[in-house]
Amino acid sequence: MDEPIRVGLMGLGTVGTGVVRLIEEHQEDLVHQTGKPIAIEKILVRDLLKERPLAVDPDLLTNRPEEIVQNDRVDLVVEVMGGIEPTRGYLREALENGKHVVTANKDLMAAHGAELLSIAAQRNCDVYYEASVAGGIPILRALVEGFSSDRITRIVGIVNGTTNYILTEMARKGTPFEEALARAQELGYAEADPTADVEGLDAARKMAILGNLGFHTNLSLEEVSVRGVSDVTPADVHFAEQLGYVLKLVGIAGLDKEKVEASVQPVLLPRSHPLASVDGVFNAVCVYGEAVGETMFYGPGAGELPTATAVVSDLVTVANNMQLGVTGRSTVTPYREKRMKGADEVFSKHFLRVRVEDEAGVLASLTQIFAEAGVSLEKVLQVPHCEDGEAEIVLITHTASQYQLKDVQFRMEELPAVRRLMSYYRVEGGEQ
(Lines give C-alpha, C1' and ligand atoms only; values in the text may rest on other atoms or scores of the structure.)
Protein backbone atom coordinates (compact mmCIF):
# COMPACT_ATOMS: atom_id res chain seq x y z
CA MET A 1 0.00 0.00 0.00
CA ASP A 2 1.16 3.55 -0.69
CA GLU A 3 2.77 5.49 2.13
CA PRO A 4 -0.05 7.37 3.92
CA ILE A 5 -0.43 11.10 4.26
CA ARG A 6 0.29 11.64 7.93
CA VAL A 7 -1.74 14.14 9.93
CA GLY A 8 -0.90 15.89 13.19
CA LEU A 9 -4.18 16.81 14.91
CA MET A 10 -4.11 19.69 17.39
CA GLY A 11 -7.15 19.42 19.63
CA LEU A 12 -9.51 16.57 20.49
CA GLY A 13 -12.63 18.40 21.59
CA THR A 14 -15.97 18.31 19.78
CA VAL A 15 -14.62 19.06 16.30
CA GLY A 16 -11.38 17.10 16.77
CA THR A 17 -13.38 14.04 17.76
CA GLY A 18 -15.47 14.47 14.61
CA VAL A 19 -12.34 14.67 12.47
CA VAL A 20 -11.04 11.39 13.93
CA ARG A 21 -14.42 9.73 13.37
CA LEU A 22 -14.58 10.80 9.73
CA ILE A 23 -11.01 9.75 8.95
CA GLU A 24 -11.59 6.33 10.53
CA GLU A 25 -15.07 5.68 9.16
CA HIS A 26 -14.54 7.14 5.66
CA GLN A 27 -11.04 5.78 5.03
CA GLU A 28 -12.07 3.89 1.89
CA ASP A 29 -13.65 7.04 0.40
CA LEU A 30 -10.62 9.13 1.35
CA VAL A 31 -8.25 6.71 -0.33
CA HIS A 32 -10.41 6.78 -3.45
CA GLN A 33 -10.37 10.60 -3.50
CA THR A 34 -6.70 11.16 -2.67
CA GLY A 35 -5.02 7.99 -3.91
CA LYS A 36 -3.41 7.48 -0.51
CA PRO A 37 -4.47 6.44 2.98
CA ILE A 38 -4.89 9.20 5.57
CA ALA A 39 -3.29 8.37 8.92
CA ILE A 40 -3.29 10.32 12.17
CA GLU A 41 0.29 10.41 13.44
CA LYS A 42 -0.15 12.40 16.67
CA ILE A 43 -2.93 14.22 18.55
CA LEU A 44 -2.17 17.19 20.81
CA VAL A 45 -4.30 17.26 23.98
CA ARG A 46 -4.06 19.05 27.33
CA ASP A 47 -4.83 16.03 29.50
CA LEU A 48 -3.44 12.65 28.47
CA LEU A 49 -5.58 10.77 31.01
CA LYS A 50 -8.94 12.40 30.33
CA GLU A 51 -11.84 10.08 29.48
CA ARG A 52 -13.10 10.72 25.96
CA PRO A 53 -16.26 9.75 24.06
CA LEU A 54 -14.14 8.15 21.35
CA ALA A 55 -11.61 5.39 21.95
CA VAL A 56 -8.20 6.62 20.76
CA ASP A 57 -4.90 4.76 20.85
CA PRO A 58 -3.04 6.30 23.86
CA ASP A 59 0.22 6.16 21.87
CA LEU A 60 -1.22 8.80 19.49
CA LEU A 61 -1.77 11.32 22.29
CA THR A 62 0.77 13.94 23.31
CA ASN A 63 0.78 17.13 25.34
CA ARG A 64 3.94 18.39 23.63
CA PRO A 65 3.20 20.50 20.51
CA GLU A 66 6.72 19.98 19.20
CA GLU A 67 5.86 16.33 18.61
CA ILE A 68 3.61 17.61 15.82
CA VAL A 69 5.12 20.84 14.48
CA GLN A 70 8.70 19.49 14.54
CA ASN A 71 7.83 15.91 13.58
CA ASP A 72 9.35 14.97 10.22
CA ARG A 73 6.72 12.26 9.76
CA VAL A 74 3.83 14.78 9.87
CA ASP A 75 2.85 16.10 6.42
CA LEU A 76 -0.18 18.13 7.42
CA VAL A 77 -1.33 19.83 10.63
CA VAL A 78 -5.06 20.03 11.40
CA GLU A 79 -5.74 22.64 14.08
CA VAL A 80 -9.06 22.55 15.94
CA MET A 81 -7.90 23.63 19.40
CA GLY A 82 -8.96 27.27 19.02
CA GLY A 83 -7.59 30.48 20.50
CA ILE A 84 -5.04 32.89 19.07
CA GLU A 85 -2.03 32.29 21.29
CA PRO A 86 -0.17 29.97 21.51
CA THR A 87 -1.95 28.50 18.47
CA ARG A 88 -0.54 31.17 16.15
CA GLY A 89 3.00 30.25 17.16
CA TYR A 90 2.38 26.54 16.62
CA LEU A 91 1.01 27.08 13.10
CA ARG A 92 3.79 29.49 12.19
CA GLU A 93 6.35 26.88 13.21
CA ALA A 94 4.50 24.13 11.36
CA LEU A 95 4.49 26.18 8.14
CA GLU A 96 8.13 27.16 8.53
CA ASN A 97 8.90 23.45 8.84
CA GLY A 98 7.14 22.80 5.52
CA LYS A 99 3.89 21.38 6.85
CA HIS A 100 0.52 22.20 5.34
CA VAL A 101 -2.19 23.56 7.62
CA VAL A 102 -5.94 23.06 7.85
CA THR A 103 -7.67 25.08 10.57
CA ALA A 104 -11.16 25.82 11.84
CA ASN A 105 -9.93 28.84 13.82
CA LYS A 106 -11.90 31.94 12.81
CA ASP A 107 -10.34 34.11 15.55
CA LEU A 108 -6.84 33.35 14.35
CA MET A 109 -7.60 33.69 10.65
CA ALA A 110 -9.46 36.99 11.12
CA ALA A 111 -6.60 38.48 13.14
CA HIS A 112 -3.51 36.86 11.60
CA GLY A 113 -4.65 35.08 8.45
CA ALA A 114 -2.62 37.34 6.14
CA GLU A 115 0.55 36.54 8.08
CA LEU A 116 0.01 32.77 7.95
CA LEU A 117 -0.89 32.83 4.26
CA SER A 118 2.25 34.82 3.52
CA ILE A 119 4.46 32.28 5.31
CA ALA A 120 2.65 29.46 3.52
CA ALA A 121 3.36 31.04 0.14
CA GLN A 122 7.04 31.46 1.00
CA ARG A 123 7.33 27.84 2.15
CA ASN A 124 5.24 26.44 -0.72
CA CYS A 125 2.60 25.18 1.72
CA ASP A 126 -1.19 25.27 1.77
CA VAL A 127 -3.41 26.88 4.39
CA TYR A 128 -7.11 26.01 4.20
CA TYR A 129 -9.74 27.23 6.64
CA GLU A 130 -13.21 26.41 5.28
CA ALA A 131 -14.58 25.42 8.70
CA SER A 132 -13.70 28.80 10.22
CA VAL A 133 -16.74 30.65 8.88
CA ALA A 134 -19.95 28.64 8.52
CA GLY A 135 -19.37 25.13 9.80
CA GLY A 136 -20.51 22.63 7.19
CA ILE A 137 -21.38 25.25 4.51
CA PRO A 138 -18.64 25.35 1.83
CA ILE A 139 -18.77 29.11 1.45
CA LEU A 140 -15.03 29.89 1.28
CA ARG A 141 -14.43 27.37 -1.48
CA ALA A 142 -17.38 28.88 -3.36
CA LEU A 143 -15.94 32.39 -3.06
CA VAL A 144 -12.45 31.38 -4.19
CA GLU A 145 -13.30 28.83 -6.85
CA GLY A 146 -16.99 29.00 -7.72
CA PHE A 147 -16.98 32.78 -8.27
CA SER A 148 -13.47 33.02 -9.71
CA SER A 149 -14.82 34.28 -13.05
CA ASP A 150 -17.26 36.74 -11.49
CA ARG A 151 -16.91 39.94 -9.49
CA ILE A 152 -18.56 39.75 -6.07
CA THR A 153 -20.29 42.95 -5.03
CA ARG A 154 -22.07 41.96 -1.83
CA ILE A 155 -22.07 39.28 0.87
CA VAL A 156 -24.96 39.17 3.35
CA GLY A 157 -25.24 36.41 5.90
CA ILE A 158 -26.48 34.92 9.13
CA VAL A 159 -23.21 33.45 10.38
CA ASN A 160 -23.81 32.94 14.11
CA GLY A 161 -26.15 30.15 15.14
CA THR A 162 -26.35 31.18 18.81
CA THR A 163 -27.83 34.60 18.13
CA ASN A 164 -30.06 33.23 15.39
CA TYR A 165 -31.49 30.71 17.86
CA ILE A 166 -32.07 33.47 20.44
CA LEU A 167 -33.85 35.77 17.97
CA THR A 168 -35.92 32.86 16.66
CA GLU A 169 -37.10 32.10 20.21
CA MET A 170 -37.93 35.77 20.77
CA ALA A 171 -39.93 35.89 17.53
CA ARG A 172 -41.81 32.61 17.93
CA LYS A 173 -42.57 32.75 21.64
CA GLY A 174 -42.06 36.36 22.72
CA THR A 175 -39.28 35.16 25.02
CA PRO A 176 -37.15 37.92 26.59
CA PHE A 177 -33.51 37.97 25.54
CA GLU A 178 -32.12 36.76 28.88
CA GLU A 179 -34.44 33.72 28.94
CA ALA A 180 -33.69 32.83 25.32
CA LEU A 181 -29.96 33.06 26.04
CA ALA A 182 -30.29 30.84 29.11
CA ARG A 183 -32.15 28.26 27.03
CA ALA A 184 -29.42 28.39 24.38
CA GLN A 185 -26.83 27.73 27.08
CA GLU A 186 -28.85 24.78 28.43
CA LEU A 187 -28.93 23.25 24.95
CA GLY A 188 -25.22 23.81 24.38
CA TYR A 189 -25.74 26.41 21.66
CA ALA A 190 -24.13 29.18 23.74
CA GLU A 191 -20.97 29.22 25.84
CA ALA A 192 -20.95 29.95 29.58
CA ASP A 193 -19.51 33.34 28.55
CA PRO A 194 -21.61 34.20 25.47
CA THR A 195 -20.10 37.65 24.89
CA ALA A 196 -18.41 36.86 21.57
CA ASP A 197 -21.70 35.56 20.17
CA VAL A 198 -24.30 37.98 21.52
CA GLU A 199 -22.16 41.10 21.03
CA GLY A 200 -21.49 40.22 17.39
CA LEU A 201 -17.73 39.60 17.68
CA ASP A 202 -17.87 36.02 16.40
CA ALA A 203 -19.88 37.09 13.35
CA ALA A 204 -17.56 40.06 12.75
CA ARG A 205 -14.53 37.77 12.54
CA LYS A 206 -16.32 35.65 9.97
CA MET A 207 -17.37 38.68 7.92
CA ALA A 208 -13.77 39.93 7.87
CA ILE A 209 -12.71 36.58 6.39
CA LEU A 210 -15.57 36.61 3.86
CA GLY A 211 -14.89 40.20 2.87
CA ASN A 212 -11.20 39.52 2.32
CA LEU A 213 -11.84 36.53 0.08
CA GLY A 214 -14.81 38.05 -1.72
CA PHE A 215 -13.26 41.43 -2.46
CA HIS A 216 -9.56 40.43 -2.63
CA THR A 217 -8.57 43.01 -0.07
CA ASN A 218 -7.07 43.07 3.42
CA LEU A 219 -10.03 43.92 5.64
CA SER A 220 -9.13 43.98 9.33
CA LEU A 221 -11.45 43.03 12.16
CA GLU A 222 -11.30 46.59 13.49
CA GLU A 223 -12.83 47.85 10.24
CA VAL A 224 -15.99 45.78 10.70
CA SER A 225 -18.65 47.86 12.46
CA VAL A 226 -20.12 45.67 15.21
CA ARG A 227 -23.33 45.78 17.22
CA GLY A 228 -24.78 42.80 19.06
CA VAL A 229 -28.26 41.64 20.05
CA SER A 230 -28.18 42.02 23.84
CA ASP A 231 -30.37 45.17 23.67
CA VAL A 232 -33.02 43.62 21.41
CA THR A 233 -36.41 43.41 23.14
CA PRO A 234 -39.55 41.39 22.40
CA ALA A 235 -41.20 44.73 21.58
CA ASP A 236 -38.63 45.36 18.82
CA VAL A 237 -39.30 41.91 17.39
CA HIS A 238 -43.06 42.44 17.64
CA PHE A 239 -43.07 45.83 15.89
CA ALA A 240 -40.76 44.54 13.17
CA GLU A 241 -43.19 41.68 12.54
CA GLN A 242 -46.16 44.06 12.54
CA LEU A 243 -44.49 46.10 9.79
CA GLY A 244 -43.67 43.03 7.69
CA TYR A 245 -40.10 42.32 8.78
CA VAL A 246 -38.03 39.72 10.64
CA LEU A 247 -35.22 40.78 12.99
CA LYS A 248 -31.91 38.91 12.53
CA LEU A 249 -28.24 39.44 13.37
CA VAL A 250 -26.80 39.96 9.90
CA GLY A 251 -23.29 40.39 8.58
CA ILE A 252 -23.03 42.70 5.59
CA ALA A 253 -20.00 43.24 3.36
CA GLY A 254 -20.33 45.32 0.22
CA LEU A 255 -18.09 46.61 -2.56
CA ASP A 256 -19.33 49.63 -4.48
CA LYS A 257 -17.28 51.99 -6.64
CA GLU A 258 -14.07 50.39 -5.28
CA LYS A 259 -15.07 51.19 -1.68
CA VAL A 260 -15.88 48.62 1.00
CA GLU A 261 -18.40 48.56 3.82
CA ALA A 262 -18.48 45.86 6.48
CA SER A 263 -20.77 45.47 9.47
CA VAL A 264 -22.50 43.07 11.82
CA GLN A 265 -25.72 44.29 13.43
CA PRO A 266 -29.36 43.45 14.12
CA VAL A 267 -31.20 44.05 10.84
CA LEU A 268 -34.84 44.05 9.78
CA LEU A 269 -35.31 41.77 6.78
CA PRO A 270 -38.47 41.79 4.64
CA ARG A 271 -40.32 38.49 4.94
CA SER A 272 -39.58 37.92 1.25
CA HIS A 273 -35.81 38.09 1.85
CA PRO A 274 -34.14 34.65 1.51
CA LEU A 275 -32.50 35.01 4.93
CA ALA A 276 -35.76 35.80 6.73
CA SER A 277 -36.76 32.13 6.93
CA VAL A 278 -33.39 30.94 8.31
CA ASP A 279 -34.26 29.94 11.89
CA GLY A 280 -32.70 28.23 14.88
CA VAL A 281 -28.99 27.48 14.82
CA PHE A 282 -28.75 27.35 11.03
CA ASN A 283 -26.50 29.67 9.03
CA ALA A 284 -26.96 31.07 5.53
CA VAL A 285 -24.94 33.36 3.29
CA CYS A 286 -26.18 35.25 0.22
CA VAL A 287 -23.52 36.15 -2.33
CA TYR A 288 -24.19 38.67 -5.08
CA GLY A 289 -22.07 38.69 -8.23
CA GLU A 290 -22.16 41.03 -11.20
CA ALA A 291 -22.65 38.12 -13.59
CA VAL A 292 -24.42 35.42 -11.57
CA GLY A 293 -26.73 37.69 -9.57
CA GLU A 294 -27.91 36.35 -6.20
CA THR A 295 -26.94 32.95 -4.81
CA MET A 296 -27.54 31.48 -1.34
CA PHE A 297 -25.69 28.90 0.75
CA TYR A 298 -27.56 27.32 3.67
CA GLY A 299 -26.78 24.68 6.28
CA PRO A 300 -25.66 23.88 9.83
CA GLY A 301 -23.19 26.47 11.05
CA ALA A 302 -21.64 24.42 13.86
CA GLY A 303 -21.58 21.00 15.48
CA GLU A 304 -19.20 18.07 15.58
CA LEU A 305 -19.78 16.43 12.22
CA PRO A 306 -20.79 19.43 10.05
CA THR A 307 -17.65 21.33 11.07
CA ALA A 308 -15.49 18.21 10.92
CA THR A 309 -16.79 17.58 7.40
CA ALA A 310 -15.47 20.97 6.29
CA VAL A 311 -12.12 20.26 7.96
CA VAL A 312 -11.72 16.85 6.31
CA SER A 313 -12.79 18.29 2.94
CA ASP A 314 -9.93 20.77 3.24
CA LEU A 315 -7.65 17.90 4.20
CA VAL A 316 -8.63 16.08 1.00
CA THR A 317 -7.92 19.20 -1.07
CA VAL A 318 -4.47 19.57 0.46
CA ALA A 319 -3.75 15.86 -0.06
CA ASN A 320 -4.69 16.16 -3.73
CA ASN A 321 -2.57 19.29 -4.10
CA MET A 322 0.37 17.36 -2.65
CA GLN A 323 -0.14 14.62 -5.22
CA LEU A 324 -0.31 17.14 -8.07
CA GLY A 325 2.61 19.22 -6.85
CA VAL A 326 0.58 22.44 -6.77
CA THR A 327 0.76 23.19 -3.06
CA GLY A 328 1.29 26.80 -2.10
CA ARG A 329 -0.19 28.12 -5.33
CA SER A 330 -3.80 28.32 -4.16
CA THR A 331 -3.15 31.08 -1.65
CA VAL A 332 -5.44 34.02 -2.33
CA THR A 333 -3.28 37.13 -2.13
CA PRO A 334 -5.13 40.45 -1.68
CA TYR A 335 -4.54 42.67 -4.67
CA ARG A 336 -7.26 45.34 -4.41
CA GLU A 337 -6.47 48.55 -2.54
CA LYS A 338 -8.71 48.84 0.51
CA ARG A 339 -10.82 51.97 0.74
CA MET A 340 -13.56 51.99 3.37
CA LYS A 341 -16.84 53.85 2.95
CA GLY A 342 -17.60 56.77 5.22
CA ALA A 343 -20.86 57.24 7.13
CA ASP A 344 -22.17 59.44 4.31
CA GLU A 345 -21.62 56.63 1.79
CA VAL A 346 -23.40 53.74 3.54
CA PHE A 347 -27.10 53.76 2.66
CA SER A 348 -30.10 51.75 3.86
CA LYS A 349 -33.57 52.14 5.22
CA HIS A 350 -33.83 52.54 9.00
CA PHE A 351 -36.26 51.45 11.73
CA LEU A 352 -36.72 53.66 14.80
CA ARG A 353 -38.86 53.31 17.94
CA VAL A 354 -39.35 56.62 19.74
CA ARG A 355 -41.07 57.27 23.09
CA VAL A 356 -42.71 60.72 23.07
CA GLU A 357 -45.13 62.83 25.07
CA ASP A 358 -48.70 61.87 24.22
CA GLU A 359 -49.94 65.26 23.06
CA ALA A 360 -51.05 66.97 19.89
CA GLY A 361 -48.42 68.12 17.41
CA VAL A 362 -45.65 65.77 18.50
CA LEU A 363 -45.79 63.64 15.35
CA ALA A 364 -45.62 66.76 13.19
CA SER A 365 -42.56 67.98 15.12
CA LEU A 366 -40.93 64.60 14.77
CA THR A 367 -41.50 64.35 11.03
CA GLN A 368 -40.12 67.87 10.68
CA ILE A 369 -36.85 66.65 12.19
CA PHE A 370 -36.58 63.96 9.54
CA ALA A 371 -37.35 66.47 6.80
CA GLU A 372 -34.62 68.81 8.05
CA ALA A 373 -32.13 65.92 7.91
CA GLY A 374 -33.23 65.11 4.35
CA VAL A 375 -34.81 61.78 5.33
CA SER A 376 -38.27 60.81 4.06
CA LEU A 377 -40.53 58.34 5.86
CA GLU A 378 -41.98 55.18 4.34
CA LYS A 379 -44.08 53.88 7.26
CA VAL A 380 -45.29 55.44 10.53
CA LEU A 381 -47.01 53.53 13.33
CA GLN A 382 -48.30 55.42 16.40
CA VAL A 383 -49.06 53.41 19.55
CA PRO A 384 -50.76 55.15 22.54
CA HIS A 385 -49.30 54.38 25.94
CA CYS A 386 -51.13 54.28 29.23
CA GLU A 387 -48.19 55.15 31.45
CA ASP A 388 -46.78 58.57 32.26
CA GLY A 389 -48.69 60.25 29.43
CA GLU A 390 -46.41 58.74 26.80
CA ALA A 391 -46.95 57.38 23.31
CA GLU A 392 -44.70 55.32 21.10
CA ILE A 393 -44.00 56.06 17.46
CA VAL A 394 -42.44 53.47 15.17
CA LEU A 395 -40.97 54.62 11.86
CA ILE A 396 -39.41 53.10 8.76
CA THR A 397 -37.44 55.57 6.67
CA HIS A 398 -36.76 55.55 2.98
CA THR A 399 -33.12 54.99 2.00
CA ALA A 400 -30.79 57.34 3.85
CA SER A 401 -27.14 57.41 4.88
CA GLN A 402 -25.75 56.54 8.29
CA TYR A 403 -24.67 60.17 8.56
CA GLN A 404 -28.25 61.33 8.06
CA LEU A 405 -29.47 58.87 10.70
CA LYS A 406 -26.98 60.27 13.22
CA ASP A 407 -28.21 63.77 12.33
CA VAL A 408 -31.80 62.67 13.05
CA GLN A 409 -30.76 61.19 16.40
CA PHE A 410 -28.96 64.39 17.35
CA ARG A 411 -32.00 66.52 16.46
CA MET A 412 -34.25 64.22 18.52
CA GLU A 413 -32.15 64.89 21.60
CA GLU A 414 -32.92 68.60 21.18
CA LEU A 415 -36.69 68.09 20.93
CA PRO A 416 -38.36 68.34 24.40
CA ALA A 417 -41.34 66.17 23.39
CA VAL A 418 -39.05 63.19 22.70
CA ARG A 419 -38.56 61.22 25.94
CA ARG A 420 -36.08 58.68 24.51
CA LEU A 421 -35.07 56.72 21.45
CA MET A 422 -36.02 53.15 22.38
CA SER A 423 -34.23 51.39 19.52
CA TYR A 424 -33.03 51.75 15.96
CA TYR A 425 -32.01 49.17 13.37
CA ARG A 426 -30.90 48.97 9.78
CA VAL A 427 -33.49 47.69 7.30
CA GLU A 428 -32.01 45.47 4.60
CA GLY A 429 -33.51 45.38 1.13
CA GLY A 430 -33.89 49.14 0.69
CA GLU A 431 -30.49 50.00 -0.82
CA GLN A 432 -30.44 52.01 -4.01
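Residue positions are given per chain, counting from 1 as you read along its sequence in written order. Only residues with pLDDT of at least 70 get local features here, since the model is predicted, and only at 80 or more are side-chain atom pairs given and counted; chain-wide, interface and lining totals rely on the full set of residues. Side-chain measures were taken over the full set of non-hydrogen atoms in the model, leaving aside hydrogen atoms and water.

Before we go on, may I ask you to explain the nonpolar core in this structure?
A general feature of soluble globular proteins is that nonpolar side chains tend to end up buried together. Here, nonpolar core means buried Ala, Val, Leu, Ile, Met, Phe, Trp, Tyr and Cys residues that are tied together by side-chain atoms lying within 4.5 Å of each other. Only protein chains enter the accessibility calculation, which uses a 1.4 Å probe; a residue whose area is less than 20% of its type maximum is buried, one above 50% is exposed, and one in between is partly exposed. If you look at the biggest cluster of nonpolar residues, it comprises 75 residues, and the most contacted ones within it are I139, L143, I166, L210, L268 and F351. Counting residues in hydrophobic clusters, the runner-up holds 31 residues, among them V7, I40, V45 and A310.

Teacher, can you tell me more about the pattern of salt bridges here?
Two side chains carrying opposite charge are able to pair once their charged atoms lie near each other. Salt bridge, as applied in this entry: a Lys or Arg side-chain nitrogen positioned within 4 Å of an Asp or Glu carboxyl oxygen. Evaluated as defined, the whole model comprises 38 salt bridges. With a shortest N-O distance of 2.4 Å, R151 and E258 are connected by a salt bridge. With R151 in the loop between α7 (139–146) and β7 (152–158) and E258 in the loop between β9 (245–256) and β10 (259–270), the pair connects residues that are 107 residues apart, well separated along the chain. Under the relative-accessibility criterion, E258 is labelled partly exposed at 32%. For the salt bridge of D279 with R172, the shortest nitrogen-to-oxygen distance reads 3.3 Å. Secondary structure elements follow DSSP: runs of H or I no shorter than four residues count as helices, runs of E no shorter than two count as strands, and numbering proceeds from the N terminus.

Any chance you could explain helix α12 (residues 234–242) here in plain terms?
Given 3.6 residues to a turn, an α-helix orients residues that are three or four positions apart in the same direction. Along α12, the positions that sit buried rather than exposed are D236, V237, F239 and A240. A positive phi of about 95 degrees marks G244, the residue just after α12.

What am I meant to see in the sheet that holds strand β4 (residues 76–79) here?
Two modes of strand pairing occur in sheets, parallel and antiparallel, and in both the strands are linked by backbone hydrogen bonds. Think of it this way: DSSP has to see at least two bridges between two strands before they count as a pair. The strand order across the open sheet formed by 6 strands is β3-β2-β1-β4-β5-β6, and the pairing between neighbours is parallel. Since the sheet does not close on itself, it has two edges, and those belong to β3 (61–62) and β6 (127–128), each with one partner. Here strand β2 (residues 38–44) runs beside β3; their pairing, made up of 2 bridges, is parallel. Bridging from a neighbouring strand, L44 pairs with T62 of β3.

What's the story with unusual backbone geometry in this structure? I'm lost.
One can expect most non-glycine residues to show negative phi and most peptide bonds to be in trans. Put simply, E85 and P86 share a cis peptide bond, and its omega is 5 degrees. Tracing the sequence through the fold places P86 in the loop between β4 and α4 (87–96). Positioned with a positive phi, K257 is a non-glycine residue whose angle comes to about 55 degrees. Tracing the backbone shows K257 in the loop between β9 and β10. The residue E258 is not glycine, and still its phi comes out positive at about 65 degrees.

What exactly am I supposed to notice about the environment of Q242 here?
Looking at where Q242 falls in the secondary structure, it is placed in helix α12. Along the primary structure Q242 and L381 are separated by 139 residues, whereas in three dimensions their C-alpha atoms are 9.5 Å apart.

Would you mind showing me how to read the packing of aromatic side chains here?
By convention here, two paired aromatic rings are described through the distance between centres and the angle between planes. Only centres within 6.5 Å qualify two rings of Phe, Tyr or Trp (six-membered ring in Trp) as a pair; their planes then separate them into stacked at under 30 degrees, edge-to-face at over 60, and tilted for everything else. Considering all chains together, one arrives at 4 aromatic pairs under this definition. Where F147 meets F297, the ring centres are 6.4 Å apart and the plane angle is 65 degrees; that geometry is what we call edge-to-face. Taken together, the residues span a long stretch of sequence, with F147 in the loop between α7 and β7 and F297 in strand β12 (residues 293–300) at a distance of 150 residues. With respect to class, F147 is no different from F297; both count as buried. The lysine or arginine in question, R227, covers the ring of Y424, its NZ or CZ lying 4.4 Å from the ring centre. The criterion is that NZ of a Lys, or CZ of an Arg, lies within 6 Å of the ring centre and within 35 degrees of the ring normal, and then a charge sits over that ring.

What should I look at first to understand a nonpolar patch on the surface in this one?
Together, F282, M296 and Y298 make up a nonpolar patch on the protein surface, roughly 280 Å² of accessible area in all. Tracing the chain through its elements places Y298 in strand β12. Patch criteria: residues need more than 30% relative accessible area and no salt bridge. Like-charged residues are merged within 9 Å; nonpolar side chains of Val, Leu, Ile, Met, Phe, Trp and Tyr are merged within 5 Å. Each accessible area value is a Shrake-Rupley result obtained with a 1.4 Å probe; residue values ignore everything except the protein chains displayed when judging cover.

In this structure, what is going on with the pairing of strand β17 (residues 418–427)? I would like to understand it.
Bridge count between β10 and β17: 2 bridges; the pairing is parallel. Bridge pairing in β17 links V267 to R426. Where strand β13 (residues 347–357) meets β17, 8 bridges bridge the pair, whose relative direction is antiparallel. Across the sheet, residue V354 finds its bridge partner in β17, namely L421.

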